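Analysis of the macromolecular model
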Amino acid sequence: MEAQALAAAVVAGDRRALARAITRVESARADHRAEAVALVAAARAAATALGRQALRIGLSGTPGVGKSTFIEAFGMMLVGLGLRVAVLAVDPSSARSGGSILGDKTRMDRLAREPAAFIRPSPSQAQMGGVARRTREAVALCEAAGFDVVLIETVGVGQSETVVAELCDVFVLLLAPAGGDELQGVKRGIMEMADMIFVNKADGDLKQAAMRTMADYAGALRLLRRRPQDPEGFPKAICVSALEDTGIAQGWQEIQTLTAWRREKGHFEARRAAQARHWFAEEVRQGLLAVLGREPARGSMAAIGKQVEAGDLSPEQAAADMLALLGRGG
């Protein structure tokens, strides 16, 4: 009943309830997990009944590229257009202590004061791929709360970390000027997952370098194999400046053009369906890994691990033995 009441408060637009709901879905406690599943299910059902569907935009890029500054400028523009904007900023967690600074909100002080905006920093909790494990559920809660656009800011990521592409409708890659040549642009990984490339910091002394970088990546994109979910001319690269607010409106227009085409051709809903299937498989994988942390599997792992440490078993043979035990329910 508590999950139903909290979901109803989220759908009614209670910001404090939304913050509490996201805290609940991020909790690792077993009793909270069961409640979180019911909470998200109730929120999704209500959002579907009300016809609420937010545009989910993932933003990624290396540390220092200006993601938070860009998001504030982009978010302020969207709020100025009368849209409600939620920002889910994922902060890296310490491998030593497990803690996170969660300071992204302090970089968006103007947007944080907007009544039509909601900013939520979350710890990555050692989750690979630049996003937190429960970011997808947080997105669903923001959608149920009636936000028109949900921006998902990843931690600073490298070329192979593309999990955010499985969370969003449009994946935007932010690049810094002079960040690489055309060869860098045709490398597989995050580049071929991007729907839009924004070369940020196209202002002042860096403007010419930004223009050259945009040209390099625009040329590189033409060499990549065309994807069925892209209209002619996409993915594309443009220059933006979060400092001078230039290119921001053009970027939003390009995102709208891409989204409208995908909706018309059926790619939008197909992509969301494929993402749902991906996260189903991911939940199963994570559940199986969690079994290793509970008895009797944990005790078996420790015992077999000692044999490996002593040199009595090879890691490969030990793994085969452990998998055989799990198959028998041990």
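Residues numbered from 1 in each chain as written. Predicted model: local features only at pLDDT ≥ 70, side-chain atom pairs only at ≥ 80, totals over all residues. Heavy atoms only, no water.

With the exception of glycine, the majority of residues adopt a negative phi angle, and the majority of peptide bonds are in the trans configuration. In this model, F234 is joined to P235 through a cis peptide bond whose omega is -5°. With an omega of 5°, the peptide bond between E295 and P296 qualifies as cis. Positive phi values are uncommon outside glycine, yet K201 reaches one of about 65°. Positionally, K201 belongs in the loop between β6 (196–199) and α9 (207–223). Taking relative accessible area as the criterion, K201 reaches 30% and is therefore assigned partly exposed. (Helix = DSSP H or I, 4+ residues; strand = E, 2+ residues; numbered from the N terminus. Buried < 20%, exposed > 50% of the residue type's maximum accessible area, 1.4 Å probe, protein only.)

Here the focus is the sheet that holds strand β2 (residues 85–91). The seven strands lie next to each other as β3-β2-β4-β1-β5-β6-β7, forming an open sheet whose pairing is parallel. If you trace the sheet from one side to the other, it starts and ends with β3 (117–123) and β7 (236–239), each paired once. With direction set aside, neighbouring strand axes in the sheet form an average angle of 20°. Across seven bridges, the pairing between β2 and β3 is parallel. Looking at the pairing, V85 lines up with A117 of β3. Against the sheet, helix α6 (residues 135–144) touches β1 (55–60), β2 and β4 (149–153), its axis set at about 165° to β2. (Pairing = 2+ DSSP bridges. Axes fitted to C-alpha atoms, helices over the stretch in contact; angles between N-to-C directions. Contact = heavy atoms within 4.5 Å.)

A word on helix α11 (residues 267–291). Taking 1.5 Å as the rise per residue, α11 with 25 residues should run 36 Å; its terminal C-alpha atoms sit 36 Å apart, in good agreement. For α11, the set of buried residues is F268, R271, R272, Q275, W279, E282 and Q286. On its buried face, α11 sits against β1, α6 and α10 (248–265). (Expected span 1.5 Å × (residues − 1).)

Moving on: the nonpolar core. One finds L18, I22, L39, L141, C142, V150 and I197 to be the most contacted residues of the largest nonpolar core, which totals 46 residues. If sequence neighbours within four positions are ignored, L18 has contacts with V10, F118, L141, C142, A145 and F147. Counting residues in each nonpolar core, the second largest holds 33 residues, with M77, I119, V172 and I238 among its members. (Core = buried A, V, L, I, M, F, W, Y, C linked by side-chain atoms within 4.5 Å.)

Let us now look at the layout of surface pockets. Taken as a whole, the largest pocket holds about 420 Å³ of empty space. Surrounding the largest pocket, 19 residues form its lining, L221, L224, R226, F234 and P235 being those nearest its centre. Where the lining of the largest pocket is concerned, the elements lending two or more residues are α8 (190–193), α9 and β7. With three residues, the top contributor of residues to the lining of the largest pocket is α9. When grouped by side-chain class, the residues that make up the lining of the largest pocket number nine nonpolar, one polar and nine charged. (1 Å grid on protein atoms, 1.4 Å probe; cavity = no way out; pocket = protein on both sides within 12 Å on 5 of 7 lines; lining within 4 Å. Points joined across faces, edges and corners; volume = space filled by probe spheres on them. Nonpolar A, V, L, I, M, F, W, Y, C, P; charged D, E, K, R; others polar.)

This next bit is on the packing of helix α1 (residues 2–11) against helix α2 (residues 15–26). At a closest axis distance of 8 Å, the pairing of α1 and α2 adopts a crossing angle of 135°. Considered as vectors, α1 and α2 are oriented oblique to each other. At the point where α1 passes α2, the crossing takes the left-handed sense. Contact with α1, carried on its side by E2, L6, A9 and V10, involves A17, L18, R20, A21 and R24 of α2 and no other residues of that element. For the contact of α1 with α2, the per-class residue count stands at six nonpolar, no polar and three charged. (Parallel < 35°, antiparallel > 145°, perpendicular 65-115°, else oblique. Left-handed = near helix turned anticlockwise from the far one by under 90°.)

Bringing the pairing of β6 into the picture now. Side-chain alternation along β6 places M196 and F198 on one buried face and I197 and V199 on a second face that is also buried. Once the chain exits β6 it traverses α9 before rejoining the sheet at β7, and the crossover so formed is right-handed. (Right-handed = clockwise from strand over helix to strand, strands pointing away.)

Turning to α10, a few remarks are in order. Under the 1.5 Å per step criterion, the end-to-end length of α10 is 26 Å for 18 residues, consistent within 8% with the ideal 26 Å. All of the buried residues in α10 are I248, G251, W252, E254, I255, L258, T259 and R262. Down the axis of α10, the smallest arc covering the buried residues is 160°, so these residues share one side. At the exit of α10 stands G266, carrying a positive phi of roughly 85°. (Arc of directions from axis to C-beta.)

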